[in-house]
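Per-entry structural report
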Amino acid sequence: MKTLIPIISIYILLASASQLMAQSTIDGEIRPRFEYIHGTKSPADSLQQNAAFIDQRTRINFGHKTDGYQAKVSLQDIRTWGSHSQLNRTDGLSSIHEAWGESFIHKKLSLKFGRQEIILDDSRIFGNVGWAQQGRSHDAFIFKIKSDSTLKIDIAGAYNQNKPQKNTTIYSIPKSYKAFQYVWMHKDFSSAFGISILALNIGQQASLFIDDSKTIYRDVYNQTIGTRITYAKDKVKISSNIYYQFGSGISSVNNTSINSVAGWTKTSISAALIGVEASYKIMDNLSGTVGYESQSGTSQKSTNALKNESFNPHFGTNHIFNGFMDYFYVDNHINSVGLTNIYFKAVYDKDKSSIGATFHMFYAAADILDQRDTSGTKTMNANLGSELDIYTSFKLSKGVALKVGYSQFFTTSSLSILKGILDSEGDGRTGQTNNWAWLMLVMKPNFLNK
């Protein structure tokens, strides 16, 4: 980051001199967070000890806008307090979170290109995963069409490679995609009623090791189509998400020959997400919400290895949907038995302070096999447990917020067996306390303001 100091200084001088001709901004974020953990993402085992740490996100954002374009560069440093020794000269934690430009081609058309956050609707399929200190961004382009104040259309694409290459397009970066394209449209039919439509195509590359001299590669594509419908009037807000996924995945099956390549089998995807949420403003500062969402899963009783019925939320901000303790769809639970989530929420807001609580009840959307049954046919109760999240946020001083939260997960034998947390008799372990507490300070300084 030391090499960035001269750049930052020059930018400040240029920004100060150009205020009459263009709009420039320099702002940032300093966000340390303390966490106490005992059983997040998976039920705690009997010998598992609690963990505690502080990590921090530091960002500085440069923005510039003229009549013809706008641009943003966001520099980011993520670190755990104490992870480097004192006087250490190496630093591999800094990166560029965003670096994009947007060309205003026409008053109704622009092209945004470069590394950028992509947030669509309620972040169900595309979100910036703002809770995670590192966040999520994409190297992509987006054509933005805005015919009037009620209609927006985005046409986007991305194509990824490890590095510049001369004779191959092999892509091997883990937890990523080779390409995507999507069309997203949002239309407001009135001040109360709006509809969004998304059509997404994702290309992923898989590899299969044959022998010491040969590895084969295949690109497969899956599609997601769906809609989000919103209605808000007076004290009532209602929203609904409906998405369907289809296309292909790849799995390795011994002694199988498809497309003239031994060992490759294309799996067929057929999955869905259905959700509905209703909120009511009980009084000026208090609102209540009830919601239901079901993401389909693949039954463990299924004998068809070529069919995948598990919905994948892809790039969504799952932390805000399925409980803050991240038991589902946060680097886990993909291609599993799915999830049905019934939840209740209450939030009280006043004077930039808030306190809220959410209670989730989780169920498997497909059969879970009882691993203790030798016949291989007995299924378990679909109840995957429940979670209580309590959180508050208030102004600590001008420009600084303090946020605090506590969560507890109440597990079941079905969930513990699904997660592989077993006791000495092979039953799912349920006797441990699974909880998580956190405290976070958030400062977002504007460096050009006096």
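Everything here concerns the structure above.
Structure report, in brief. (Residues numbered from 1 in each chain as written. Predicted model: local features only at pLDDT ≥ 70, side-chain atom pairs only at ≥ 80, totals over all residues. Heavy atoms only, no water.)

Looking now at the packing of aromatic side chains. Per the stated rule, a full pass over the model turns up 18 aromatic pairs. Ring centres of tryptophan 131 and tryptophan 436 lie 5.7 Å apart, and the angle between their planes is 85 degrees; this geometry places the pair in the edge-to-face category. Of the two residues, tryptophan 131 sits in the loop between strand E5 (109–116) and strand E6 (138–148) while tryptophan 436 sits in strand E19 (residues 434–443), which places them 305 residues apart along the sequence. In terms of burial, tryptophan 131 and tryptophan 436 fall into one category: buried. On the numbers, 3.9 Å between centres and 5 degrees between planes, the contact of tyrosine 327 with phenylalanine 409 is stacked. With tyrosine 327 in the loop between strand E14 (307–308) and strand E15 (339–350) and phenylalanine 409 in strand E18 (residues 400–410), this pair connects stretches of sequence that are 82 residues apart. Under the relative-accessibility criterion, phenylalanine 409 is labelled buried at 2%. Over the ring of tryptophan 131 we find arginine 33, and its NZ or CZ is 3.7 Å from the ring centre. (Phe/Tyr/Trp six-rings, centres within 6.5 Å; stacked < 30°, edge-to-face > 60°. Helix = DSSP H or I, 4+ residues; strand = E, 2+ residues; numbered from the N terminus. Buried < 20%, exposed > 50% of the residue type's maximum accessible area, 1.4 Å probe, protein only. Lys NZ or Arg CZ within 6 Å of the ring centre and 35° of its normal.)

Further remarks concern the environment of serine 190. Relative to the helices and strands, serine 190 is located in the loop between strand E8 (179–188) and strand E9 (193–211). Relative accessible area serves as the criterion here: at 38%, serine 190 is assigned to the partly exposed category. Sequence separation of serine 190 and threonine 150 is 40 residues, and the distance between their C-alpha atoms is 8.3 Å.

This paragraph deals with the pairing of E15. Direction of pairing for strand E13 (residues 286–295) relative to E15: antiparallel, over a ladder of 10 bridges. Its bridge partner being in E15, glutamate 293 is matched across the sheet by asparagine 341. Linking E15 back to strand E16 (residues 353–363) in an antiparallel pair, the connection comprises 2 residues, with aspartate 351 at a positive phi of about 55 degrees. (Pairing = 2+ DSSP bridges.)

Together, Ile105, Phe113, Phe141, Phe143, Ile145, Ile155 and Val183 make up a nonpolar patch on the protein surface, roughly 560 Å² of accessible area in all. For the nonpolar patch, the element with the highest residue contribution is E6, accounting for 3 residues. Position of phenylalanine 143 relative to the elements: it lies in strand E6. (Patch = residues over 30% accessible without salt bridge, like charges linked within 9 Å, V, L, I, M, F, W, Y side chains within 5 Å. Areas by Shrake-Rupley, 256 points an atom, 1.4 Å probe, with all protein chains shown as cover. Salt bridge = Lys/Arg side-chain N within 4 Å of Asp/Glu carboxyl O.)

With the exception of glycine, most residues fall at negative phi, and the peptide bonds are largely trans. We note that aspartate 331 has phi near 60 degrees; this positive angle belongs to a residue other than glycine. With respect to the secondary-structure elements, aspartate 331 resides in the loop between E14 and E15. By relative accessible area, aspartate 331 is classed as exposed at 64%. One non-glycine residue with positive phi stands out, namely lysine 352, at about 65 degrees. Within the secondary structure, lysine 352 sits in the loop between E15 and E16.

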